[in-house]
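Residue strings, one per chain:
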Amino acid sequence: MNVRHGVAMATLGMIAGTASAQSSVTLYGVADVGIEYLSNVPSANGGASQVRMASGNMSTSRWGIRGVEDLGGGLKAIFDLESGISLDTGAQNNRTRLFDRTSIVGLSSKYGTVTLGRQTTPLYDTAIQLDPMGFAPRYSLYKSDDVLAGRADNSIKYRGTFNGLTASGLYSFSRTGGGEVPGNYTLDRNLGISLSYEVSSFAIGAVYDEYQGSTLATAERKDRRMLVGASYAFGPAKAFIGYRWYNGNVGAMPTDRSDLYWAGLRYSVTPALKLTGAAYYTNMRNSGADPIMFVASADYAFSKRTDVYMNAGYALNRGNSQLGMNGFNAPSGSPTNVVPGTDQTGLVVGVRHKF
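Here's what I pulled together on the structure shown here. In this convention, every chain numbers its residues from 1, walking through the sequence in written order. Local features in this predicted model are restricted to residues whose pLDDT is 70 or higher, and side-chain atom pairs enter the listing and the counts only when it is 80 or higher, whereas totals over whole chains, interfaces and linings include all residues. Computation of side-chain values covers all heavy atoms of the structure but excludes hydrogens and water.

Right, let's talk about the overall build of the protein for a bit. Secondary structure summary: the protein contains 2 helices and 20 strands in total. In summary, the protein has a C-alpha radius of gyration of 23 Å against a globular reference of 20 Å for 355 residues, a match within 12%. Dimensions along the principal axes, computed over C-alpha positions, put the protein at roughly 85 × 55 × 45 Å. Burial status follows relative accessibility: with a 1.4 Å probe on protein chains alone, a residue under 20% of its type maximum counts as buried, one over 50% as exposed, and anything between as partly exposed. For the protein, buried positions account for 43% of its 355 residues. Contacts: residue pairs with any heavy atoms within 4.5 Å of one another. Considering only contacts in the protein between residues 6 or more positions apart, those separated by 24 or more positions represent 55%. Computed with the Shrake-Rupley method and a 1.4 Å probe, the accessible areas treat only the protein chains shown as cover for residues. Of the roughly 17,600 Å² of accessible surface on the protein, a fraction of 60% belongs to carbon and sulfur atoms. What counts as a helix is a DSSP run of H or I of at least four residues, what counts as a strand is a run of E of at least two, and both are numbered from the N terminus. To get the radius of gyration, use the C-alpha atoms; to get the globule rule, take the number of residues to the power 0.38 and multiply by 2.2 Å.

By definition, a salt bridge exists where a carboxyl oxygen of Asp or Glu is found within 4 Å of a side-chain nitrogen of Lys or Arg. Per the stated rule, a full pass over the model turns up 13 salt bridges. The salt bridge involving R257 is made with D259; its shortest N-O contact spans 3.4 Å. Accessibility expressed as a relative area gives 2% for D259, which makes it buried. Close ionic contact of R352 with D307 constitutes a salt bridge, the shortest N to O distance being 2.8 Å. A residue pair is termed long-range when its members are at least 10 positions apart, and R352 in strand β20 (residues 344-354) and D307 in strand β17 (residues 306-316) qualify at 45 residues. Here the two residues R352 and D307 agree in accessibility, since each one is buried. One connected set of salt bridges, linked through shared partners, spans R62, E82 and R101.

Glancing now at the pairing of β20. Two strands make a pair as long as DSSP finds a minimum of two bridges between them. Across 9 bridges, the pairing between strand β1 (residues 23-43) and β20 is antiparallel. For V30, the partnering residue across the bridge sits in β20 and is K354. Of the strand pairs in this sheet, β17 and β20 are connected by 10 bridges, and their pairing is antiparallel. Within β20, the position partnered with G313 by the bridge is G346.

Next up on the list: the side chain of E36. Mapping E36 onto the fold places it in strand β1. Two N or O atoms form a polar contact when they lie within 3.5 Å of each other; inside protein one atom must be a possible hydrogen donor and the other a possible acceptor, and for residues adjacent in sequence the pair counts only when both atoms belong to side chains. A distance of 3.0 Å separates the side chain of E36 from the side chain of N326, its partner in a polar contact. For E36, the residues in contact, after removing those within four places along its chain, are Q50, V51, R52, A54, R138, Y139, N326, L347 and V348.

With that out of the way, let us pick up the environment of Y232. Relative to the assigned elements, Y232 resides in strand β12 (residues 222-234). Note on Y232: relative accessible area 42%, which makes it partly exposed. Sequence spacing of Y232 and S200 is 32 residues, and the spatial spacing of their C-alpha atoms is 9.2 Å. Those residues in contact with Y232 that sit more than four places away from it in its chain are S201, F202, A237, K238 and A239.

Here we take up unusual backbone geometry. Phi is positive for N40, which is not a glycine, with a value near 55 degrees. Position of N40 relative to the elements: it lies in strand β1. Residue classification places N40 among the partly exposed positions, given a relative accessible area of 29%. Here D188, not a glycine, exhibits a phi torsion of approximately 65 degrees, which is positive.

For helix α2 (residues 122-130), the buried fraction is high: 7 of the 9 residues fall into the buried class. Within α2, the full set of buried residues consists of P122, L123, Y124, D125, T126, A127 and L130.

The next thing to look at is the nonpolar core. Buried residues of nine kinds, namely Ala, Val, Leu, Ile, Met, Phe, Trp, Tyr and Cys, make up a nonpolar core once their side-chain atoms join them within 4.5 Å. With 29 residues, the main nonpolar core has L141, L227 and Y280 as its most contacted residues. Once residues lying within four places of it in the same chain are set aside, the contact partners of L141 are A127, D131, F135, L148, L260, W262 and Y280.

Bringing the packing of aromatic side chains into the picture now. Centres within 6.5 Å are what make two rings of Phe, Tyr or Trp a pair, Trp counting through its six-membered ring; a difference in plane orientation under 30 degrees is then read as stacked, over 60 as edge-to-face, and the rest as tilted. Under the defined criterion, the tally for this structure stands at 8 aromatic pairs. Seen in terms of ring centroids, Y124 and F135 are 5.5 Å apart; in terms of plane orientation they differ by 80 degrees. Their pairing is edge-to-face. Of this pair, Y124 sits in helix α2 while F135 sits in the loop between α2 and β8 (151-162), placing them 11 residues apart in sequence. For Y124, a relative accessible area of 13% translates into the label buried. Owing to a relative accessible area of 7%, F135 belongs among the buried residues under this scheme. Seen from their ring centres, Y243 and Y261 are 5.1 Å apart, and the 40 degrees between their planes marks the pair as tilted. Residue Y243 is found in strand β13 (residues 237-248), and its partner Y261 is found in strand β14 (residues 256-268); the two are separated by 18 residues along the sequence. According to the relative accessible area criterion, Y261 is partly exposed, its value standing at 37%. Remark: a charge is flagged as sitting over a ring if the NZ atom of Lys or the CZ atom of Arg is within 6 Å of the ring centre and within 35 degrees of the ring normal. Over the aromatic face of Y211 sits the side chain of R175, whose NZ or CZ is 3.7 Å from the ring centroid.

Let us look at the environment of Q92. Within the secondary structure layout, Q92 lies in strand β5 (residues 91-92). Put simply, Q92 and D70 are 22 residues apart on the chain and 32 Å apart in space, counted from C-alpha to C-alpha. Once residues lying within four places of it in the same chain are set aside, the contact partners of Q92 are G84, I85, R97 and L98. Reaching out from Q92, the side chain makes a polar contact with the backbone oxygen of N94 at a distance of 2.9 Å. Reaching out from Q92, the side chain makes a polar contact with the backbone oxygen of R97 at a distance of 3.1 Å.

Without other data, these values stay purely geometric and don't point to any function.
Put into structure tokens, the structure is as follows:
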């Protein structure tokens, strides 16, 4: 190799290294599947037990692509595209959307991050931090109110963290895609704002979320939620407590009112083995159907990427309540639902791998 050729190769190597440092694209995902037992599942003969394979128990099975480009001066361009999958069948969770979980692009700096597209709401971002079950897709806070795991189409979102204080705000021009109608700026609108603070072993968060109907007939109706919670770590344990207020009439008239309370404890027996216990109580203010869900979980990590788990739960239903381990008031006949007014026992054992 002559000197000129050697210098050229070294220069190309430096350029490639610089480009790599300035820009990156990452493929990531989670594969989570298990075997689940449920009691009192609706059937032709009333309630029956069921054993099935269930995808996405501790985490939603998914894959995604995220990227970042350093624009200089502390400014970065970012994007994230994420799609949910059913690991038991290989199908997309949402057949009409490839990237049903996230599709955003934005800019990030020391002053915070601004993103545009389909993304999680501040309600989701706050609740996931305050649930002892880590907002698992099943057997968790999420199943007592699925709107807590909200995502909004056509939204712009800001999020910034400063010395432990995190502020977030979101505005959606059309939460479900039914809005953005000329002359009507409130149809399907969604807005949310949150504040959280974390220092040492203590964390606290509060959030407000509001959205309006997605049809002309429901455009002036609103569903409003406020949530507040806290966590405190002491030794190998971490305690959680929280409350969610709801007042809304988008889905039905007259106005619905409910209060959701939860508490739980997570305990690290060893660095690999974690035990969790939690209770979720819903007070339906317009009726006596006040269900309670109890959950116990054991999770063992073989590595940072791979773990096995066992979750057990019991849903206590009153009146005509229909809270199952996999959902609240799910459509009748759903394989993850429960016969109205009956209790349900659930048990799921599975494996999860993150890549």
